[in-house]
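Breakdown of the fold
Okay, here's what each chain looks like letter by letter:
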Amino acid sequence: MSETLDMQRGLLLSLSPGRRTYWMAQAVALLSLVVLVSAVPFAKVQLAHLPSFVPLYESALILNDLITAALLFGQFAITRSRAMLALASGYLFTAATAVGHLLSFPGLFASGGLLGAGPQSTAWIYMFWHAGFPLFVIAYAVLKAREEQEPDRFPAHTLTRQTALGTVAAVLGAAAACVALATAGEHLLPTIMTANRYTPTMWIVAGGTWCFCVVALVVLWRSRPHLTLDIWLMVVLCVWICDVALSAVFNGGRYDLGFYAGRVFGLLGASFVLLLLLIENTVLHSRLAAARAELRRLAASNMGDRQG
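The shown structure was predicted, so the numbers you read here are calculated from the model rather than taken from an experiment. (Residues numbered from 1 in each chain as written. Predicted model: local features only at pLDDT ≥ 70, side-chain atom pairs only at ≥ 80, totals over all residues. Heavy atoms only, no water.)

1. What about the overall build of the protein chain?
In terms of regular secondary structure, the protein chain is built from 10 helices and two strands. Looking at the protein chain as a whole, 48% of its 308 residues are labelled buried. Counted over contacts in the protein chain with a minimum sequence separation of 6, partners at least 24 positions apart contribute 80%. Accessible area for the protein chain stands at about 14,700 Å²; split by element, carbon and sulfur atoms hold 69% of it. (Helix = DSSP H or I, 4+ residues; strand = E, 2+ residues; numbered from the N terminus. Buried < 20%, exposed > 50% of the residue type's maximum accessible area, 1.4 Å probe, protein only. Contact = heavy atoms within 4.5 Å. Areas by Shrake-Rupley, 256 points an atom, 1.4 Å probe, with all protein chains shown as cover.)

2. As for unusual backbone geometry
Residue Pro225 follows Arg224 across a cis peptide bond; omega there is 0°. Mapped onto the elements of the fold, Pro225 is located in the loop between helix 7 (201–222) and helix 8 (228–249). The backbone of Arg80 shows a phi angle near 55°, a positive value even though the residue is not glycine. Relative to the helices and strands, Arg80 is located in the loop between helix 3 (53–79) and helix 4 (82–104).

3. Regarding helix 7
Over its 22 residues, helix 7 runs 32 Å from end to end, which matches the ideal 32 Å to within 8%, given 1.5 Å per residue. Within the span of helix 7, buried status applies to Met202, Val205, Ala206, Thr209, Cys213, Ala216 and Leu220. Projected down its long axis, helix 7 carries its buried residues within an arc of 95°, all on one side. Those residues of helix 7 that are exposed and aimed more than 90 degrees away from the buried face are Trp203, Ile204 and Arg222. Residues of helix 7 that are buried sit in contact with helix 5 (121–149), strand 2 (197–198) and helix 8. (Expected span 1.5 Å × (residues − 1). Arc of directions from axis to C-beta.)

4. A look at the nonpolar core
One finds Tyr91, Trp124, Met127, Tyr140, Leu220 and Leu233 to be the most contacted residues of the largest nonpolar core, which totals 81 residues. Examining the composition of this core, we find that 17 residues originate from one element, helix 8, more than from any other. When residues no more than four places from it in sequence are discounted, the contact partners of Trp124 are Ala182, Leu189, Pro190, Ile192 and Val205. (Core = buried A, V, L, I, M, F, W, Y, C linked by side-chain atoms within 4.5 Å.)

5. Digging into the packing of aromatic side chains
Throughout the structure, instances matching the rule amount to 11 aromatic pairs. With a centroid separation of 5.5 Å and 35° between ring planes, the pair formed by Trp124 and Phe128 is classed as tilted. Placement of the pair is Trp124 and Phe128 together in helix 5, with a separation of four residues, close to one helical turn. For the pair Trp124 and Phe128, a shared accessibility class is recorded, and that class is buried. Relative to Phe259, the ring of Tyr255 has its centre 5.2 Å away and its plane inclined at 50°; by these criteria the two rings are tilted. Judged on exposure class, the residue Tyr255 and its partner Phe259 are both buried. Taken together, the aromatic side chains of Phe53, Tyr57, Tyr255, Phe259 and Tyr260 make up a single cluster linked through ring pairs. (Phe/Tyr/Trp six-rings, centres within 6.5 Å; stacked < 30°, edge-to-face > 60°.)

6. Here we look at the UniProt feature "transmembrane region" (unreviewed entry) in the protein chain
When the UniProt feature table is mapped onto this chain, "transmembrane region" (unreviewed entry) is found at residues 21–40, 60–78, 85–103, 123–143, 164–182, 202–220, 232–251 and 257–279. Taken end to end, residues 202–220 comprises 100% helix and 0% strand; its first and last C-alpha atoms sit 27 Å apart. (UniProt positions renumbered as here; feature names shortened; annotations may be inferred.)

7. Things to note about the packing of helix 4 against helix 5
The geometry of helix 4 relative to helix 5 is characterised by a closest axis approach of 8 Å and an angle of 175° between their N-to-C directions. As summarised for this structure, helix 4 and helix 5 are arranged roughly antiparallel, according to the angle between their axes. (Axes fitted to C-alpha atoms, helices over the stretch in contact; angles between N-to-C directions. Parallel < 35°, antiparallel > 145°, perpendicular 65-115°, else oblique.)

8. A short note on the side chain of Ser104
By the secondary structure assignment, Ser104 is in helix 4. Here Gly100 takes part through its backbone oxygen, which lies 2.9 Å from a polar atom of the side chain of Ser104. Setting aside residues no more than four positions away along its own chain, Ser104 makes contact with Gly112, Gly113, Leu114, Ala117, Thr122 and Ile125. (Polar contact = N/O pair within 3.5 Å; in protein donor to acceptor, adjacent residues only side chain to side chain.)

9. Side note on the side chain of Ser223
Following the sequence through the fold, Ser223 ends up in the loop between helix 7 and helix 8. Among the polar contacts made by the side chain of Ser223, one reaches the side chain of Lys144 at a distance of 3.2 Å. Apart from the residues lying within four places of it in its own chain, the contact partners of Ser223 are Ala141, Lys144, Ala145 and Asp230.

10. Describing the environment of Gly132
Structurally, the position occupied by Gly132 is in helix 5. Taking the C-alpha atoms as reference points, Gly132 and Ala174, 42 residues apart in sequence, are found 9.8 Å from one another.

This is the structure we're talking about:
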């Protein structure tokens, strides 16, 4: 058995999910679907313009994604797993593109947005952002399957700190390229938004993003045996699909019900894996404290035996 797999067995997220995990994941996915179906008929209802909602939502989402990425990079430092590195990179990519989306959003920091943004720059950054994350999930699922099936071909010791730093630089470069294309290169892209309303072309672009999510969901489902992390990543993808559906397919544009509801879905989706990682850290600290207490008890017992 490879060093990578041995190390992973010590991590809660790499354990096989129990019935409770499946039940909770199915409940969340089903609830998301119910909310989606209930909201679709009202998705185009125009609501109050609340520009302050965008920086609050995006700041929370960026913070969630950055913390999740940092914790996953920490998992990579322990396991040296290529799959974990790919997933950590996915969360870093979403955080970086979300920063570009926030800065370019019209009316927040400048009337037309920063970074030389045009009228449809934020819409394209949103699409790059939501199409990119499923690709990283696909990479995670494929690499995980290869590491499990052919461990000798993927030795953990070959992945160094320089590998991780190079990956981080490449991911940030890719995010910057997406933002640059959507801003400086906006004229090269099809028109998907005019005057805060989506054009019919947006349905095609959003449909492609949907396809990436569905493919990622299928690849992850077929990547057996499932880990606890896999199950909750499937929930993230389901919520991600609801996000895109409400905020880019069934709604009409900015500041309608779909715009707000879709972003609430997005923030929830960004929180699941973070919550799992925080729970894992709490449980591991609890186990460490219990082990230390047991060692102290054994040491005191041995001392008493020697004195007796």
